[in-house]
Amino acid sequence: MGCAPSIHVSQSGVIYCRDSDESNSPHQTTTISQGTAATLHGLFIKTDAADSIPSVLAYQSRQPPPPNCPAHPRREPAGREGRIGVHHCCGVEAETQTSQTSVKQASTTETEIGPMRLAQDPIQVLLIFAKEDKQSDGFWWACDRAGYRCNIARTPESALECFLDKHHEIIVIDHRNSRYFDAGAICRSIRATKPAEHTVILAVVPQMSGDQEEVSVLPLLHAGFNRRFLENSSIIACYNELIQVEHGEVRSQFKLRACNSVFTALEHCHEAIEITSEDHVIQYVNPAFERMMGYQKGELIGKELTELPKSDKNRADLLDTINTCIKRGKEWQGVYYARRKSGDSIQQHVKITPVTGQGGKIRHFVSIKKLCCTNDSNKQTYKTHRDEKYAGDQFQSESHSFRCKNRRKESIDVKSITSRSSDAPSLQNRRYSSMARIHSMTIEAPITKVINIINSAQENSPVTVAEALDRVLEILRTTELYSPQLRTKDEDPHTSDLVGGLMTDGLRRLSGNEYVFSKNTTNQSHGHLSVPVTINDVPPCIAHLLDNEESWDFNIFELEAVTNKRPLVYLGLKIFARFGVCEFLNCSEATLRAWFQVIEANYHSSNSYHNSTHAADVLHATAFFLGKERVKASLDHLDEVAALIAATVHDVDHPGRTNSFLCNAGSELAVLYNDTAVLESHHTALAFQLTVKDNKCNIFKNLNRNHYRTLRQAIIDMVLATEMTKHFEHVNKFVNSITKPMASEETNSNNEGNNCECTTNLKTFPDNQTLIKRMMIKCADVANPCRPIELCIEWAGRISEEYFAQTDEEKRQGLPVVMPVFDRNTCSIPKSQISFIDYFIMDMFDAWDAFAHLPVLMQHLANNYKHWKALDELKCRSLRLPSENNNGS
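Residues numbered from 1 in each chain as written. Predicted model: local features only at pLDDT ≥ 70, side-chain atom pairs only at ≥ 80, totals over all residues. Heavy atoms only, no water.

Describe in detail the overall build of the protein, supporting the description with residues and values.
Helix and strand content of the protein: 33 helices and 19 strands. In the protein, which comprises 889 residues, the share counted as buried stands at 47%. The long-range share in the protein, meaning contacts at least 24 apart out of those at least 6 apart in sequence, stands at 68%. Only carbon and sulfur atoms are counted for the fraction: they give 50% of the accessible area of the protein, which is about 44,200 Å². (Helix = DSSP H or I, 4+ residues; strand = E, 2+ residues; numbered from the N terminus. Buried < 20%, exposed > 50% of the residue type's maximum accessible area, 1.4 Å probe, protein only. Contact = heavy atoms within 4.5 Å. Areas by Shrake-Rupley, 256 points an atom, 1.4 Å probe, with all protein chains shown as cover.)

Which residues make up the nonpolar core, and what values go with them?
Formed by 113 residues in total, the largest nonpolar core has its most connected members in Phe 625 and Trp 848. Those residues within four positions of Phe 625 in sequence are excluded, and the remaining contacts are Trp 552, Val 631, Met 776, Cys 779, Ala 780, Trp 848, Leu 854 and Leu 857. (Core = buried A, V, L, I, M, F, W, Y, C linked by side-chain atoms within 4.5 Å.)

Which residues make up the pairing of strand 16 (residues 282-285), and what values do they have?
Relative to strand 16, strand 15 (residues 272-277) runs antiparallel, the two being bridged by three bridges. In the sheet register, Thr 276 faces strand 16, and the bridge partner there is Ile 282. A loop of four residues connects strand 15 with strand 16, the two strands running antiparallel in sequence, and His 280 in this loop sits at a positive phi of about 65°. (Pairing = 2+ DSSP bridges.)

Give a detailed account of the confidence of the model for the protein, specifying residues and quantitative values.
Looking at the protein, pLDDT values average 77 and 70% of them are 70 or higher. Of all secondary-structure elements in the protein, the lowest mean pLDDT belongs to strand 7 (residues 92-93), at 32, while helix 21 (residues 612-626) reaches the highest, 98. Of the regions scoring below 50 in pLDDT, residues 66-105 engages in 77 contacts with residues more than four places distant in sequence or in other chains. In this model, residues 382-443 is a region of pLDDT below 50 whose contacts with residues beyond four sequence positions or in other chains number 68 contacts. (pLDDT = per-residue confidence, 0-100.)

For the side chain of Arg 657, give the residues involved together with the corresponding values.
Relative to the elements of secondary structure, Arg 657 occurs in the loop between helix 23 (637-649) and helix 24 (659-665). On the accessibility criterion, Arg 657 (13% relative accessible area) is buried. There is a polar contact of 2.8 Å between the side chain of Arg 657 and the side chain of Glu 809. (Polar contact = N/O pair within 3.5 Å; in protein donor to acceptor, adjacent residues only side chain to side chain.)

Outline the sheet that holds strand 15, supporting the account with residue identities and numerical values.
Read from one edge to the other, the open sheet built from five strands follows the order 16-15-19-18-17, with strand pairing classed as antiparallel. Lying at the two open borders of the sheet, with one neighbouring strand each, are strand 16 and strand 17 (332-339). In this sheet, adjacent strand axes meet at a mean angle of 30° when their direction is disregarded. Strand contacts of helix 8 (residues 318-327): strand 17, strand 18 (345-356) and strand 19 (362-371), with the helix running at about 140° to strand 17, the strand carrying the most contacts. (Axes fitted to C-alpha atoms, helices over the stretch in contact; angles between N-to-C directions.)

An account of unusual backbone geometry is needed here, citing residue identities and associated values.
Even without being a glycine, Asp 653 presents a positive backbone phi close to 65°. Mapped onto the elements of the fold, Asp 653 is located in the loop between helix 23 and helix 24. For Lys 875, which is not glycine, the phi dihedral falls at a positive 60°.

Please give an account of helix 27 (residues 705-721) that cites residues and values.
If you check helix 27, its first and last C-alpha atoms are 24 Å apart, about what 17 residues at 1.5 Å a residue would give, namely 24 Å. Burial in helix 27 covers these residues: Leu 711, Ala 714, Ile 715, Ile 716, Met 718, Val 719 and Ala 721. Where helix 27 begins, one side-chain oxygen reaches toward the backbone nitrogen of Asn 706, 3.1 Å away; that side chain belongs to Asn 704. (Expected span 1.5 Å × (residues − 1).)

Pulling in residues and values, what's your account of the pattern of salt bridges?
Within this structure, the stated rule accounts for 26 salt bridges. Across the pair Asp 617 and Arg 787 runs a salt bridge whose closest N-O atoms are separated by 3.0 Å. Within this pair, whereas Asp 617 is found in helix 21, its partner Arg 787 is found in the loop between helix 29 (766-781) and helix 30 (789-813), the two being separated by 170 residues in sequence. Accessibility classification places Asp 617 together with Arg 787 in one group, the buried group. As a salt-bridge pair, Lys 726 and Glu 729 come within 3.9 Å of each other at their nearest N and O atoms. Exposure remark for Lys 726: the relative accessible area of 42% places this residue in the partly exposed category. (Salt bridge = Lys/Arg side-chain N within 4 Å of Asp/Glu carboxyl O.)

Hey, could you go over the packing of aromatic side chains for me, with residue numbers and the actual values?
Inspection of the entire model under this criterion finds 24 aromatic pairs. Relative to Phe 700, the ring of Phe 688 lies with its centre 5.7 Å away and its plane at 25°, an arrangement referred to as stacked. Taken as a pair, Phe 688 in helix 26 (residues 678-692) and Phe 700 in the loop between helix 26 and helix 27 lie far apart in primary sequence, 12 residues in all. A cation over an aromatic ring shows up here: Arg 145 above the ring of Tyr 239, its NZ or CZ 4.8 Å from the ring centre. For the cation-ring pair, Arg 798 lies above Trp 795, with the distance from its terminal atom to the ring centre recorded as 5.7 Å. (Phe/Tyr/Trp six-rings, centres within 6.5 Å; stacked < 30°, edge-to-face > 60°. Lys NZ or Arg CZ within 6 Å of the ring centre and 35° of its normal.)

Describe a nonpolar patch on the surface, naming the residues involved and giving the relevant values.
A surface patch of nonpolar side chains, amounting to about 240 Å² of accessible area, comprises Val 217, Leu 218 and Leu 221. Tracing the sequence through the fold places Leu 218 in helix 4 (residues 218-223). Residue Leu 218 is classed as partly exposed on the basis of its relative accessible area, which comes to 45%. (Patch = residues over 30% accessible without salt bridge, like charges linked within 9 Å, V, L, I, M, F, W, Y side chains within 5 Å.)

Outline the packing of helix 29 against helix 31 (residues 829-852), supporting the account with residue identities and numerical values.
At a closest axis distance of 11 Å, the pairing of helix 29 and helix 31 adopts a crossing angle of 125°. Comparing their axes, helix 31 and helix 29 come out oblique. The handedness of the crossing between helix 29 and helix 31 comes out as left-handed. Counted together, Ile 772, Met 775, Met 776, Lys 778 and Cys 779 of helix 29 and Met 844, Phe 845, Ala 847, Trp 848 and Phe 851 of helix 31 form the full contact between these two elements. Of the residues belonging to the contact of helix 29 with helix 31, the class tally is nine nonpolar, no polar and one charged. (Parallel < 35°, antiparallel > 145°, perpendicular 65-115°, else oblique. Left-handed = near helix turned anticlockwise from the far one by under 90°. Nonpolar A, V, L, I, M, F, W, Y, C, P; charged D, E, K, R; others polar.)

Before we move on, can you summarise the pairing of strand 17 with the specific residues and values?
With six of eight residues buried, strand 17 is to be regarded as a mostly interior element. Pairing of strand 17 with strand 18, which is carried by eight bridges, proceeds in the antiparallel orientation. Opposite Gly 334, over in strand 18, you have Val 350 as the bridge partner. Following strand 17, the chain reverses through five residues before pairing antiparallel with strand 18; Gly 343 in that reversal takes a positive phi of roughly 100°.

Structure, rendered in structure tokens:
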């Protein structure tokens, strides 16, 4: 081809592009059909056929200018026939030839708004410039570089038409010269359209000279512009501006645009939805709310809830109870009477959820309301607002479905049952006179709902069934729903004493006997082993041991020996590095090392069991569990960090005595914590006190407030879960909420031939994550029976010695002996281990194994149980068989 291609425009509006030197070659002619926007480099063609030529040029792609080619083509005068000459180096291509270009194709990007995942198409940009110049070319090539789809318009009319067709995310308007068009008027005309609600509009304004005063941007903002761009034809400057706009305003607007789908769901939701501000000003109600309450949306928006009439059927203190709950950021559920516009009172099931916004503060309250169809007024209200939407058979079927669903989900209406004739007259004496009054109360507790349902079921039940239900009610009204009831003490004194010591607060107090344990940590000698400067700066003997720390069979006692009873610092630094704790906390390794030193110094090395070696062992077990696939898939990074910190501090400053001992002795801690979870509360409180009091060891100092609060609550919850009085509650909740549903899901998937991942829903329920974390640290805390036999025996000897020492001190001080079987002169350690495994360990680890899949642990547990059984059958009270003792000596 030669250097001067030409463009011919016929009267019919068809554009021909032909190389001037090879005009006879039919292959060198490109046809741009009428109505197709041509990608012509900076050329807007004006001919007698102008009405048939679009004034919007679609710049889908264009070859960048060669290095030696000027940035802009030189224009030659055009004749009346529309002949225009340009330098060939700039290239002329039709839109139909975009596939032949080398420009990169933009791909969709994924983003999230809350739990919603969105795919954003490539950005579309509209350039509105009356004339081509360096600035328009700068934005053009910037779009090309960013992979954006770009159009350019020369007139206000074509700009508006193109925008309504394409709905561009970014519009750039030339605001430098008002001679060609009014940029402000164009912006206002575009803003007046509905698609422009989420469009970002830039105004290109001229550069100011050094002596000119900075002008206000308010006129631009009032006209509808979002940003001002000072004239700069540099491609990189234009590119940077567009990229910033995309990552800022465009993505924010994209997320806001996606909210339309959420509002569409709310508008069609059958449940009444009300959204208020933190000051209880109504911000939104959906059509279902309007139908239920009889108001129009315009009558409610902007009003405070206190301005609306209230029903007099609620308890006097109910509103205060609700407000107290939701102001603390907790969800409230219960029954509430509301007054419709007509004055009728209706009973509703209400769930109010606080929504946290900027600054970690509550910004909204979302209320979801459903009618309780248990009285004539509610049924009439329900029928009325259903009739507004449905008619005929559809109403009949949906009304029946609604009633059936309510019968399944809500409490049975006792008053309607008692009004019917009874099939069991002999049961009339068993009726409760206060039943109607009880059922009119707004009681929210789930156990109360269960009791009410059982009471209702008794009304028309045979005598035998009613008596059985009476027994059920007696059990449900007790406070210890999760603790198994032991048989007589004589049958199994070891189990009775063990449970009595671990699962009660020992409120058998003798007057005048008080116990104050020492917090002296200065006398705890750890030798002269230097603390590592970094995790890589450790003695070779320690580093060699730590190479095996990811194995379940890791020998913590060997690490205790080579570190002079300071295993926690070394093992902790290694494990925390593996889980990226410093990166999450945004703290230095020096700060973490100082923190470990402080925490380990506050463990009592004089304790035979509850010392820093036990803490290191629990940390090791926790890290091992966190590495299991299903656990890893169920928890977030914050959960992992919280679990590791909780394991590290869970027994800090433990006195080597049980909670029952401290309560019986009237210790300072027992008084401070009201005899409830005394040690566990002390461990968490002291851990945070030690951490924050010195900036050198404050690993939380760089966390923002929200992350710190969330992390702190998770750590506290996990440490408190190690308190044994709630052992069976935690285990049963885990089994019923995690293990059983998961097993059922796996069974269903196997029957259907699908291999589904059963942990997909665990992350979406924070309560399930909490149960998993509690179970994990509980298992890590008492994993000794699941360790290799030599480690298991050593731990059994250590815990027994600690209990022996407690019994000795109880006798010396005249305190109640919490665990009489742990008398060093008479105790059978094998029996105590068997009781501990039978009562606490076996069921818990069966449930944990079903979730986390731990075959090695379960094999160790079976072997260790056989070991203790063999010793017990031989009436041996020691840790080993006589033959093993002889071999060991």
